Each structure stands twice: as structure tokens, then as C-alpha cells.
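# Notes for the structure review
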Amino acid sequence: MDPPPRQSIRICKSIKLLDFAYSCYSSSFTSFLASIHCLFEPPSYKEAILNPLWQQAMVKELSALHKTDTWNLVPLPPGKSVVGCR
């Protein structure tokens, strides 16, 4: 006959997360949180390109990548496929 399985004797404590309160932050950080809370992230490039804020963000991102020589744009070799991304 096999012995019964061992059980942990550790006491499990329930953790209740505190409610998020803006009052504990500075007014400038609260303002920042409020501004990003209402941002909308477009689900596609087609929608993003129509929004001036997203156009500006894309230009800044591409500029930073070019400035740091993160990658080089090269022609696709014959017979090869582009790797998709989402």
C-alpha cells in the first residue's frame, strides 16, 4: 500500500489588492495618468495612419530606429517571403 500524498503545511494568505487611488500621486503624474487613460490604440495600421497623433508617433519611432542604426532596409531576396507581424 502506498503512503498518502504529502500535503503542504504552509498557510495560504489571501491577498487583497488595494484600490487604485490617484490621491497618493502628484498632480502632474495624476494628469499624465488621466491623459494616457483616455488614449485609443487603433487595431490596424489603416486606422492608425488616419490619426495625426499616431502619424507623429510612427515618424518619431522610425526616426529613432534610423538614428540608432537599429536595422537596415534591404531588398527581399528572390523567392523569399516577408515575415509577418502583429
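So, here's what we can say about the structure.

Each value, and the rule that gives it
- Residues numbered from 1 in each chain as written.
- Predicted model: local features only at pLDDT ≥ 70, side-chain atom pairs only at ≥ 80, totals over all residues.
- Heavy atoms only, no water.
- Helix = DSSP H or I, 4+ residues; strand = E, 2+ residues; numbered from the N terminus.
- Buried < 20%, exposed > 50% of the residue type's maximum accessible area, 1.4 Å probe, protein only.
- Areas by Shrake-Rupley, 256 points an atom, 1.4 Å probe, with all protein chains shown as cover.
- Patch = residues over 30% accessible without salt bridge, like charges linked within 9 Å, V, L, I, M, F, W, Y side chains within 5 Å.
- Salt bridge = Lys/Arg side-chain N within 4 Å of Asp/Glu carboxyl O.

### Overview of the overall build of the protein chain
A tally of helices and strands in the protein chain yields 3 helices and 0 strands. Going from N to C terminus, the protein chain has its helices and strands arranged as α-α-α. Counting only residues that meet the buried cut, the protein chain has 3% of its 86 residues in that class. A total accessible area of about 9,200 Å² is found for the protein chain, and carbon and sulfur atoms account for 63% of it.

### Some thoughts on unusual backbone geometry
Backbone geometry places Asp69, a non-glycine residue, at a positive phi of 50°. On the secondary structure map, Asp69 appears in the segment after helix H3 (52-67).

### Describing a nonpolar patch on the surface
Residues Tyr25, Phe29, Phe32, Ile36 and Leu39 make up a contiguous nonpolar surface patch of about 470 Å² in total accessible area. Here Tyr25 shows up in the segment before helix H1 (27-37).

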